[in-house]
Structures are given as structure tokens and as C-alpha cells.
Number of protein chains: 2
Amino acid sequence: MLQNLPIGIFDSGVGGLTVYRALHEHLPNERFVYLGDTARVPYGTKSLATVERYAVENARFLAEHEIKLLVVACNTASALALPAIRAALNIDVAGVIGPGARAAVAGSNQAGSQSSKRIGVIATESTVQSGAYTQAIRKADSAATIVERACPLFVPLAEEGWADADVARTIAQTYLKDLGSQIDTLVLGCTHYPILRNVIQETVGEQVALIDSGEATAIEVKGLLREKGLARLTPGTGALERQLCDDLDHFYVTDAAERFSRVAERFLGSKPERLEAVEVWGEDRLRT
Amino acid sequence: MLQNLPIGIFDSGVGGLTVYRALHEHLPNERFVYLGDTARVPYGTKSLATVERYAVENARFLAEHEIKLLVVACNTASALALPAIRAALNIDVAGVIGPGARAAVAGSNQAGSQSSKRIGVIATESTVQSGAYTQAIRKADSAATIVERACPLFVPLAEEGWADADVARTIAQTYLKDLGSQIDTLVLGCTHYPILRNVIQETVGEQVALIDSGEATAIEVKGLLREKGLARLTPGTGALERQLCDDLDHFYVTDAAERFSRVAERFLGSKPERLEAVEVWGEDRLRT
């Protein structure tokens, strides 16, 4: 039955686990297959052609695992490669840019009479260069004022586990110190940034509402599954029962599973139980 | 004539330009072909199998360009993949680990009677995990005391151009503050680290001698070319003459040439004149 198939999620690496966590929380009945392209991470400094190529390879790998829906957790891949991915698959594909943009516009409009729909977006170099967030926000509200800014050091900072260190504060200051006064809402436009939420909030000030695109995506995906009749009906069972019934989420990486597992623990609170290193491209794969 | 062929250099990205610069300074008569694997950078967080695969693909690409010698500028690739590269090519291959290790031992021994051959190495996670520097230093001096430490944030920091900012000082303090008292010599075991030389020296203290593995490699390569009769005899000519004679160095990248050019300017002082994006792996390449 189509409803019982898992949801596929891919990311350039470990960052998409923040999106996985949000999906898992909002959709406790669903099972997930996650692919982290750790052999080619990061995408945020790479070109359109390369990100498209990697994204389509990842999407095809997951499609072969019989998924009912694909979530592109990586903001850079969502910004650059969504049309190419949709052309390559015959299932629904959800990115994180649209949901993040719509949640920002909704949040900014709710911010009371003081609000002037001034929305900030922080993301990788490639996401900012693509202008995808600006386009999506304008589509949701043509009157919004938008400031996009790349924060390249945030990704390695989150992976290093220094989210609350002085270093994080100094880096956030350097990127964001003048931003708080210019905006009322800020989109965390990269999967790693929710890890740095506290220090980002502290730097831009409490008056700025932070929007987690992953969270916004989980909410939209919930609606989409219901609308399409694709939601899984089995009630969620306990961890032990799921294990006994082989109903666990699967995690795949293209490289360095041990490092992924270590960083995943920092992101999820525990190590993934089912983790496997796989090939999604190249000679070996072409031969099969 | 074999002597007139260029020297090949590859790196995971832009960092190897510090090695290129050292080679260019020590060997002004030579021409170089540089490949930066910017589509798959960084290598420092990736596994042995993946680094070997990428390194061999890069080495083969350069070997097809008729080079007389290959310099593996990337410390991670030198640490993990030198045997695989040597097995794949039939020309001499020089890595940066051996020269860096030998220069550190020589420097530490010269440091006067106070010296106790206490050598520190800072590098990427994968280089440190490989233990390649420890092995090479022990081979040169079995009595040396060695401390290896991974400094993952140094690479994005150098690429961001924040070498002299407060952020650089805070990060260097976090990684290195206790190191200065433990060592007399410190190997900069990643191509990006010479960019951060000032802040590293300041943090470990002036009493610690810094060894740039790229510099050490350039000196050894000079000796190797002379010994093998491979040094180019043509006297170095002016920039204009070299341009007229099509005697310029060539730079290849696997992705995002524009970004490479921008960061290269920070590393070299000027943009590379001959820069081209190429395929070194994958379906397209297999077909040719």
C-alpha cells in the first residue's frame, strides 16, 4: 500500500538531520529513508551544474528505495536543483525554500502593527547567489523587503559542536550585528543553522522572529500527505516494537559513516541505529 | 625534451596554491599545471577509500597532460593516498608529508641545546587520524615527541579571508592555547594554514618555529629535479615574454571556477590567467 511506503529525505551531509527531526516529530507514524551525500559535502560553495548533478543522483538513489515522497532537506539543493529533480522522478518532491519563505511571510504579517514585512535570510553562498528565497518570498508577498546574507562559517562551526562557545558569538557578531535593526523576521536558510539558534537569536535580538525552514517544511509535508491520501494510518508504536517489526528509519551516507554517526549524535541526541555507506554515482554504480 | 615538461600539482581545492606559490618561487624556470578538485573539496573530513579514489582520478587527469613530476599538494591526499597514486602513475610523485616531517626534525634539532625535539603537527581530521605525520617524523628521528591536533575550522576561516580578524584569534586560542608550552616546532600540516601563519605564531608564541610543509616540499622537489636531470634549463623570462611564448602556468578546477579565482587572488595576490573548468571523473569522462 502506497501509504505505508517511507518518505525519502536527502541532504548534502549531516545537516538535513535537523529537517529529519522536525519531520519525525510532526509525523510520528511515518518511516523515513535518509541519504547524506557526505562524500561530496558541502554543496553551498558549488556551482549550479554540479549541485544539480549531485542532487539528481541522490534523488534517483532514494527513488529506487520505493518512497512515496521525496523531501530535499538541503537548502542549496532546493534552491538550485528542484526543477531537475522533479523532472527526474515521478513522485512528489518537496523542497525547503518554499515552506520557509511562506512561513516567514506568515510570521512577519502576524508580528503586529509595528511589522513592515522586513525579512532577512541567512544561507550558504550558493543559496544566496541563486536568489531562490527572495523569489519565493516575493511570490508569497510582493511588498516584502528582503535582505539575504551568506554565513559560510556557520556550517563548520555547527559540525565542530561549538554552538555555544565564544567563537560562535564572535562569528555571529561579524555576520549579523547590523541585521537585527533591519528586519522583523529571519529565515534560517541552511539545515545547520537551527543548531546555532540560540547564538543567532542573541545576536539579532529577541524582537526578531526566527523561522526554521525545516520545521516549516515538516508542517507543509504533513498537509500534503493528508491532501493526497498518502499519510500512513498505522499508529506509532514504541521503539522496541518498531525494532522488532523492522520498522526503523534507515540512514545512508556516501562516505565516512563513523563521522556522520558522531555528528548525528550531536544533532539528534542519539546515534542512528541503521546506518550504511553506499555508492550513488560513479563507475561501480554504472556497472550495476 | 623531458626537462621542458611542466610539473603537475593537485589539491582538493584552492589551498594547494600556497604550495604552488612556494614551488614557483623556488623553481622560477619551471612551468606548472595545477588541478583543484573544487567539486569534491574538502578531503579532510572524508574516508581513506574516498580520498584514494578522488586522488587517483586527479593524478590520472594530470598525467594525461604530459607532466614530468607530480606534486600532491594536499596534505590529506598525501597522508592517505600516496601509495595508490604511485601505483597508478609511472612518473615520480612527491607528497608534502615527508618533506614537512624532515624539515620539522631538522628545525627542531637546530633549535639549540634547549631543544628536546618536541614537534607539534596541526592538520585536518583525516590527516591526524592517519598518523602519517607521526610515522614520517619518527622515521626521521625516532626520539622525537609528537603532538598531532586537528583544527577543522582553520580551512573555512582562511577561505573566508578572516586571517587577521578577531574570529581567527578566538579560534586559534581554542585549538592551540595549551600547545605552545609543549613543543618547540610546529608543522602547518594543511595547505590553508600558511594563510593563518601570523595568528598561529602569535598564539603558540615566538619561541615555536613554524614549518610550512609546502615550502619544505618545494625545496625537496628542487633537489629531486636536479638529481634526476629533470630541471628545466631555459632561463626564466619576464611575464610578458612568457605570455607571448604561451609559457604560462595552467590552472584547472572541477567546479566553480569563479569562486576559485576569487579565493586564489587572496592566496596568490593576483587571479590565475589560465583557468579552466574540467571533468576528471564520472559518466561523461568514462565515455571519452
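The rules behind each value
Residues numbered from 1 in each chain as written. Chains lettered and ligands numbered in written order. Predicted model: local features only at pLDDT ≥ 70, side-chain atom pairs only at ≥ 80, totals over all residues. Heavy atoms only, no water. Helix = DSSP H or I, 4+ residues; strand = E, 2+ residues; numbered from the N terminus. Buried < 20%, exposed > 50% of the residue type's maximum accessible area, 1.4 Å probe, protein only. Lys, Arg positive; Asp, Glu negative; His and termini not counted. Salt bridge = Lys/Arg side-chain N within 4 Å of Asp/Glu carboxyl O. Polar contact = N/O pair within 3.5 Å; in protein donor to acceptor, adjacent residues only side chain to side chain. Contact = heavy atoms within 4.5 Å. Pairing = 2+ DSSP bridges. Axes fitted to C-alpha atoms, helices over the stretch in contact; angles between N-to-C directions. Phe/Tyr/Trp six-rings, centres within 6.5 Å; stacked < 30°, edge-to-face > 60°.

A. Summary view of unusual backbone geometry. Residue Pro42(A) follows Val41(A) across a cis peptide bond; omega there is -5 degrees. Its location among the elements puts Pro42(A) in the loop between strand 2 (32-36) and helix 2 (48-63). One non-glycine residue with positive phi stands out, namely Ala256(B), at about 50 degrees. Along the chain, Ala256(B) turns up in the loop between strand 9 (250-253) and helix 12 (257-268).

B. Highlighting the side chain of Asp212(A). Residues and elements named next belong to chain A. By secondary structure assignment, the location of Asp 212 is in strand 8 (residues 209-212). Put simply, Asp 212 is tucked away with no salt bridge, and the nearest opposite charge, on Arg 197, sits 4.6 Å away. Within the structure, the side chain of Asp 212 is placed 2.8 Å from the backbone nitrogen of Gly 214, a separation counted as a polar contact. For Asp 212, the residues in contact, after removing those within four places along its chain, are Pro 194 and Arg 197.

C. Broad picture of the sheet that holds strand 6 (residues 145-150) of chain B. Residue and element names in this part refer to chain B. One open sheet accounts for four strands, arranged 6-5-7-8; its pairing is parallel. Taken across any chain shown, the strands that pair with only one partner, and hence form the sheet edges, are strand 6 and strand 8 (209-212). Going from strand to strand, the sheet's axes swing by 20 degrees on average, the running direction of each strand aside. Here strand 5 (residues 118-123) pairs with strand 7 (residues 185-188) via four bridges, running parallel. Paired with Ile 119 across the bridge in strand 7 is Thr 185.

D. A look at the packing of aromatic side chains. Residues and elements named next belong to chain A. Using the criterion set out here, one finds 18 aromatic pairs over all chains in the structure. Between Tyr 20 and Phe 32, the ring centres sit 5.7 Å apart and the planes meet at 90 degrees, which makes this aromatic pair edge-to-face. Here Tyr 20, found in helix 1 (residues 17-26), pairs with Phe 32, found in strand 2; they are 12 residues apart in sequence, far enough to count as distant. Phe 32 matches Tyr 20 in its accessibility class, with the two residues each being buried.

E. Summary view of the pattern of salt bridges. Residue and element names in this part refer to chain B. Evaluation of the coordinates by the stated rule reveals 25 salt bridges over all chains. A salt bridge links Glu 220 to Arg 102; the nearest nitrogen and oxygen atoms lie 2.8 Å apart. Taken together, the residues Glu 220 in helix 10 (residues 213-227) and Arg 102 in helix 4 (residues 97-110) connect sequence positions 118 residues apart. Two residues, Asp 166 and Arg 169, come together in a salt bridge whose shortest N-O distance is 3.6 Å. With Asp 166 and Arg 169 both in helix 8 (residues 166-176), this residue pair falls three residues apart, about one helical turn. Residue Arg 169 is classed as partly exposed on the basis of its relative accessible area of 29%.

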